[in-house]
Every structure is written in structure tokens, then in C-alpha cells.
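Coordinates in review
The lines below spell out each chain.
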Amino acid sequence: MKKIKLIAVLTVIISMLFSVNAFAAVYNGEPDVITITGGIDMSREYESTFNESRRITGTAQSGTKIMIMLCEENEENVLTPVKTYETTVGVSGYFSKNISLDIGENIIVVQTADGRASVSAVIKRKSTDIKDRLEKGVYMPGARI
């Protein structure tokens, strides 16, 4: 019995020492309540896209109500939700929601309805005019666009 307890304690200690979570998106609240599996690149400070929408996917405890908010930041660095999308985590433990992106900076906040945890990230949507100019143009290094 002592060996089992010792092995269990050592396993917990080793897993805590060697588990590393490094990402640019900001995670607040209780650890491992929400895990983002797609739609947000957790390793980057921000992402750029020409797409009008993005599918945010992740995992959480079954039955958890998830809110995905598209926010704006004011002069005092306070976030205000502009659009809110809601979904409930299924029996499998996964959630998925397609969100619309505005042109410019989109601050995405994914959180539980009870506020136990949240993930925030930035996706910058570029206009299709820029995409068209890039596809049609020939640019030389050092030249002004």
C-alpha cells in the first residue's frame, strides 16, 4: 500500500515538473477548464487573416456553457463585447462555434458562462483589397507599396 501511495505522489510531482504550457494567448482562471484545440493559434501574439469567419474549437467539461465574445478595447484598456456567441459543451467534451470577424483587430475572448476561466487572443482581419493587390502586384525588396 505504501508503494502505491509513493508511486502516485511521485507521478504527480513528475508530471507537474515536466508539464509546460507556453502560448501567446492569455489564459485566466482555473487551470485546464478550457482548452482551445483550433481556430486560435496559441503560440502567436496575434494572427492575420483575410477570412470573414473562424471556427473556434476546444474542450471543456461536458455541459459547460461556453461564451465566445468579439470585443473592442477602449482608451482605458477595458474590453466591451460587440458580438457574443454561445454554445454548450457536448457529451464528448468538445465545443465548436463559427464566429464572424470584422476587418481590423478582433479581440476574441472564450470563457465559461460562470467565469471560472477564459482565453483571449487577437486575430487581425485584412481587407480583400490588400489581398488582391498582393496577388496582382510585383514587388521589389525595399520598394514602398
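Computed from a prediction, not measured in an experiment: that's the story for all the values here.

**Topic: the confidence of the model for the protein chain**
Close reading of the predicted structure is inappropriate where its pLDDT is low. Across the protein chain, pLDDT averages 81, with 78% of residues at or above 70. The least confident element of the protein chain is helix 1 (residues 2-18), whose mean pLDDT is 52; the most confident is strand 7 (residues 94-100), at 96.

**Focus: the side chain of Thr64**
Following the sequence through the fold, Thr64 ends up in the loop between strand 4 (53-59) and strand 5 (65-73). Side-chain polar atoms of Thr64 contact the backbone oxygen of Gln61, separated by 2.7 Å. The residues touching Thr64, leaving out its near neighbours within four places in the chain, are Thr87, Thr88, Val89 and Thr112.

**Structural notes on the side chain of Thr49**
Mapped onto the elements of the fold, Thr49 is located in strand 3 (residues 47-49). At a separation of 3.0 Å, a polar atom in the side chain of Thr49 contacts the main-chain amide nitrogen of Asn51. When neighbours within four sequence positions are excluded, Thr49 is seen to be in contact with Arg54, Leu101, Ile123, Lys124, Arg125 and Lys126.

**Regarding the nonpolar core**
Counting residues in hydrophobic clusters, the biggest one holds 21 residues, and the most contacted among them are Ile34, Ile36, Ile40, Ile66, Ile68, Ile108 and Val110. Within the residue set of this core, elements represented by two or more residues are strand 5, strand 7, strand 8 (104-112) and strand 9 (117-125). Tallying contributions element by element places strand 9 first for this core, with four residues. If sequence neighbours within four positions are ignored, Ile34 has contacts with Tyr27, Thr59, Ile66, Phe95, Val110, Gln111, Thr112, Ala117, Ser118 and Val119.

**Topic: the pattern of salt bridges**
Close approach of charged atoms allows side chains with opposite charge to pair. In the structure shown here, the tally under the stated rule is five salt bridges. Between Arg54 and Glu47 there is a salt bridge, and its shortest N-O distance comes to 2.9 Å. As far as the burial class goes, Arg54 and Glu47 line up, both buried. Asp114 serves as the salt-bridge partner of Arg116, at 3.2 Å between the closest nitrogen and oxygen. Residue Arg116 is classed as partly exposed on the basis of its relative accessible area of 28%. Residues participating in the shared-partner salt-bridge network are Glu30, Asp114 and Arg116.

**Some words on the sheet that holds strand 7**
Pairing within the open sheet is antiparallel, and its three strands lie in the order 2-4-7. The strands lining the two open edges of the sheet, one partner per strand, are strand 2 (35-38) and strand 7. Averaged over all adjacent pairs, the angle separating strand axes in this sheet is 35 degrees, with direction ignored. Sheet topology note: the strand 4/strand 7 ladder contains seven bridges and is antiparallel. Opposite Ile56, over in strand 7, you have Lys97 as the bridge partner.

Calculation rules
- Think of each chain on its own: its residues are numbered from 1, step by step along the sequence as written.
- Confidence filtering applies because this is a predicted model: local features only for residues at pLDDT of at least 70, side-chain atom pairs given and counted only at 80 or more, and all residues used for totals across whole chains, interfaces and linings.
- Based on all heavy atoms of the structure, the side-chain values leave hydrogens and waters out of the count.
- Confidence per residue, as judged by the predictor, is encoded in pLDDT with a range of 0 to 100.
- Strands are runs of DSSP state E lasting at least 2 residues, helices are runs of H or I lasting at least 4, and numbering of each runs from the N terminus.
- Pairing of N or O atoms within 3.5 Å defines a polar contact, subject to two protein rules: one partner must be a possible hydrogen donor and the other a possible acceptor, and residues neighboring in sequence count only if both atoms are side-chain atoms.
- Any pair of residues with heavy atoms lying within 4.5 Å of one another is described as a contacting pair.
- In these notes, a set of buried Ala, Val, Leu, Ile, Met, Phe, Trp, Tyr and Cys residues joined through side-chain atoms within 4.5 Å is what counts as a nonpolar core.
- Relative accessibility thresholds used throughout: buried, under 20% of the residue-type maximum; exposed, over 50%; partly exposed, between the two (1.4 Å probe, protein chains only).
- Within this document, salt bridges are pairs made up of a side-chain nitrogen of Lys or Arg and a carboxyl oxygen of Asp or Glu, the two lying within 4 Å of each other.
- Only strands joined by at least two bridges in the DSSP assignment are considered to pair.
- The convention used is that axes are lines fitted to C-alpha atoms, helices contributing only their stretch in contact, and that angles between N-to-C directions extend from 0 to 180 degrees.

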